Each structure stands twice: as C-alpha cells, then as structure tokens.
Amino acid sequence: LGFLLFDLCVLLLTYLLRALFGYGEDFRTYLQFWTCTDSAHYLDIARDWYLSEGSMDRLVQLVFLPGYPLAIRLVNLLVGDMLCAGLLVSALSFAGAGWVIYRLVRLDRSHEDALRVLKYLCLMPGAFFFAAPMSESLFLLLCASCVYCARRDKWLAAGILGALASFTRSLGLMLFVPLFFELVSALVKGKGPARPVWRFLSLLLIPLGFAAYCGVNFLVAGDPFQFMEYQA
C-alpha cells in the first residue's frame with residue numbers, strides 16, 4: 001500500500017508541477033505527458049505489436065522486448081485504455097516488487113533493515129521511472145521474485161521468473177550469474193538440494209526468455225538478431 005501511495009504521489013506531484021509552470025490541462029490530458037519517453041514505444045507495441053514494414057521509427061521498436069507490452073495488452077482487456085493499463089501494470093508491479101524485496105531482505109536482516117532498503121529504493125533519483133508506463137517496475141518485480149525463489153529453494157519457479165525477466169529486458173540474462181553462485185554456494189556448504197542437476201537445469205530456463213524474444217525478431221523481420229542492427 002505504501003508503494004502504491006508513492007506511485008500515486010509521483011503522478012500527482014508531476015501534475016502539480018506542470019500546473020505550476022502554466023500547463024492548463026485536466027488530469028486526463030496530463031496523463032499523456034507520460035508518453036514523452038520510451039513509454040510511447042511500449043504502448044505502440046502493446047496496441048499494434050511489432051511492424052515488419054512501415055516507417056523506420058516504428059520498425060526500430062523491435063529493440064524493445066515484448067514482456068511489458070504483453071502485460072499491458074492483458075490488463076487492457078479489463079480497463080479498455082492502453083495508457084491507463086500501462087500505468088496500472090507499473091503501479092502494481094512496483095507494489096509487488098516492494099513486497100518481494102522486503103521478504104528477500106528479511107531472510108538475512110531485521111524488519112528495520114528491510115524497511116530501510118525500501119525507503120532508499122523510493123528515494124533514488126530515478127525512482128519516478130517506476131511510476132511511468134515503462135518496463136522498469138515489472139522487471140524489478142521479476143528479478144526480485146526470481147532471486148527470492150532461489151533463496152527459498154524453489155528453483156523451478158526461479159527459472160521461470162528469470163525467463164520472464166529476460167523476456168522483459170535483456171539484462172535479465174544476468175540473473176543466471178547470482179543464481180548459479182547461490183546454487184554452488186549451497187552445495188559447497190553442504191546445504192544443497194537433493195537433486196542439484198535438476199536445479200541447474202532450472203537455471204537454463206533463464207536464457208529461454210531471451211531466446212523467445214529472438215524468435216519474435218525472426219517472425220517479424222526474418223532475422224533472430226535484427227534488434228542488434230536496429231540498435232547499431
């Protein structure tokens with residue numbers, strides 16, 4: 001609830017600042033302000049999917065991974081507005097991430113330390129991006145959930161969540177590294193799972209999310225690595 005309140009405060013504060021600087025607009029019109037960043041690309045993908053022909057401005061949207069646009073499309077079935085769906089996905093993901101991060105920190109630290117972590121997360125200069133219709137909040141939720149499941153010895157869930165993270169942002173591939181060391185550390189300390197091979201195979205699910213994104217590239221542009229050309 002606190003994270004949802006933080007998200008709402010970011011939206012209201014931005015609205016008040018724009019009003020202070022002379023933007024005479026109602027709140028509904030103001031929300032369009034949040035499409036001035038990469039948000040517009042995510043919303044285009046959620047609405048029209050990736051395009052295989054058309055203007056270059058639309059073709060290069062293939063560099064944005066599909067996890068977040070698909071989440072927007074699903075929520076849009078309930079709310080009927082892409083922008084509101086994007087804001088809702090970000091808000092709920094940020095709130096969920098706060099809950100999971102608290103649980104993750106509590107595995108090793110006190111209640112006060114966990115709350116301090118959440119406070120500093122909200123005080124980061126770039127924390128307002130978590131309220132924007134962009135993939136940051138969803139990615140944070142998936143990464144935190146992936147690590148938390150691994151710490152709780154739920155490796156299949158960790159692998160699936162890691163795959164979803166790498167399907168949302170390419171940086172999700174890096175989750176393989178801390179989870180691999182978590183597994184190795186548990187084995188070295190003699191606290192490892194009874195069947196470590198199956199746990200390791202669960203880690204191999206993580207790159208499958210990015211592989212699915214490469215598959216989308218192939219279906220749209222005929223090249224699984226077309227995104228690299230667009231990025232260049």
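Report on the accompanying structure. A quick note: this is a predicted structure, and the numbers were derived from the prediction, not measured. (Residues numbered from 1 in each chain as written. Predicted model: local features only at pLDDT ≥ 70, side-chain atom pairs only at ≥ 80, totals over all residues. Heavy atoms only, no water.)

So, helix H3 (residues 39–48)
Basically, it comes down to this: Each residue is placed in one exposure class: buried if its accessible area under a 1.4 Å probe, protein chains only, is under 20% of its type's maximum, exposed if it is over 50%, and partly exposed if it falls in between. Only DSSP runs of H or I with at least four residues qualify as helices, and only runs of E with at least two residues qualify as strands; both kinds are numbered from the N terminus onward.
Listed as buried for H3 are Ser39, Tyr42, Leu43, Asp44, Ile45 and Ala46. A positive backbone phi angle near 65° is found at Trp49, which sits one or two residues after H3.

Observations regarding the side chain of Ser166
As a reminder of what qualifies: Each polar contact in these results corresponds to two N or O atoms within 3.5 Å; when the atoms are within protein, one needs to be able to donate a hydrogen and the other to accept it, and residues that are neighboring in sequence are counted only if both atoms are side-chain atoms. Between two residues, a contact is recorded if the distance between any of their heavy atoms is within 4.5 Å.
On the secondary structure map, Ser166 appears in helix H9 (residues 155–168). There is a polar contact of 3.0 Å between the side chain of Ser166 and the backbone oxygen of Ala163. For Ser166, the contacting residues outside a window of four places in its chain are Leu65, Gly172, Leu173, Ile206, Gly209 and Phe210.

Structural notes on the packing of aromatic side chains
Selection criterion: Aromatic rings from Phe, Tyr and Trp, with only the six-membered ring used for Trp, were paired whenever their centres fell within 6.5 Å, and each pair was classed as stacked if the ring planes differed by under 30 degrees, edge-to-face if by over 60, and tilted otherwise.
A full pass over the atoms with the stated rule returns 20 aromatic pairs. Taking 5.2 Å as the distance between ring centres and 45° as the angle between the ring planes, the aromatic pair formed by Tyr213 and Phe227 counts as tilted. Residue Tyr213 is located in helix H12 (residues 206–221), and its partner Phe227 is located in helix H13 (residues 226–231); the two are separated by 14 residues in the primary sequence. Across the pair, Phe227 and Tyr213 agree in class, each one buried.

Quick notes on the nonpolar core
How we decide: By nonpolar core is meant a set of buried Ala, Val, Leu, Ile, Met, Phe, Trp, Tyr and Cys residues that side-chain atoms within 4.5 Å join together.
In this structure, Trp34, Ile72 and Leu179 are the most contacted members of the largest nonpolar core, which totals 41 residues. Elements represented by at least two residues in this core include exactly helix H1 (2–20), H3, helix H5 (67–79), helix H6 (82–106), helix H8 (136–151), H9, helix H10 (176–188) and H12. Examining the composition of this core, we find that 7 residues originate from one element, H8, more than from any other. Setting aside residues up to four positions removed in sequence, Leu179 forms contacts with Cys146, Val147, Ala150, Trp155, Ala158, Leu203 and Ile206. Of all hydrophobic cores here, the second largest spans 17 residues; its members include Phe94, Val100, Leu118 and Cys122.

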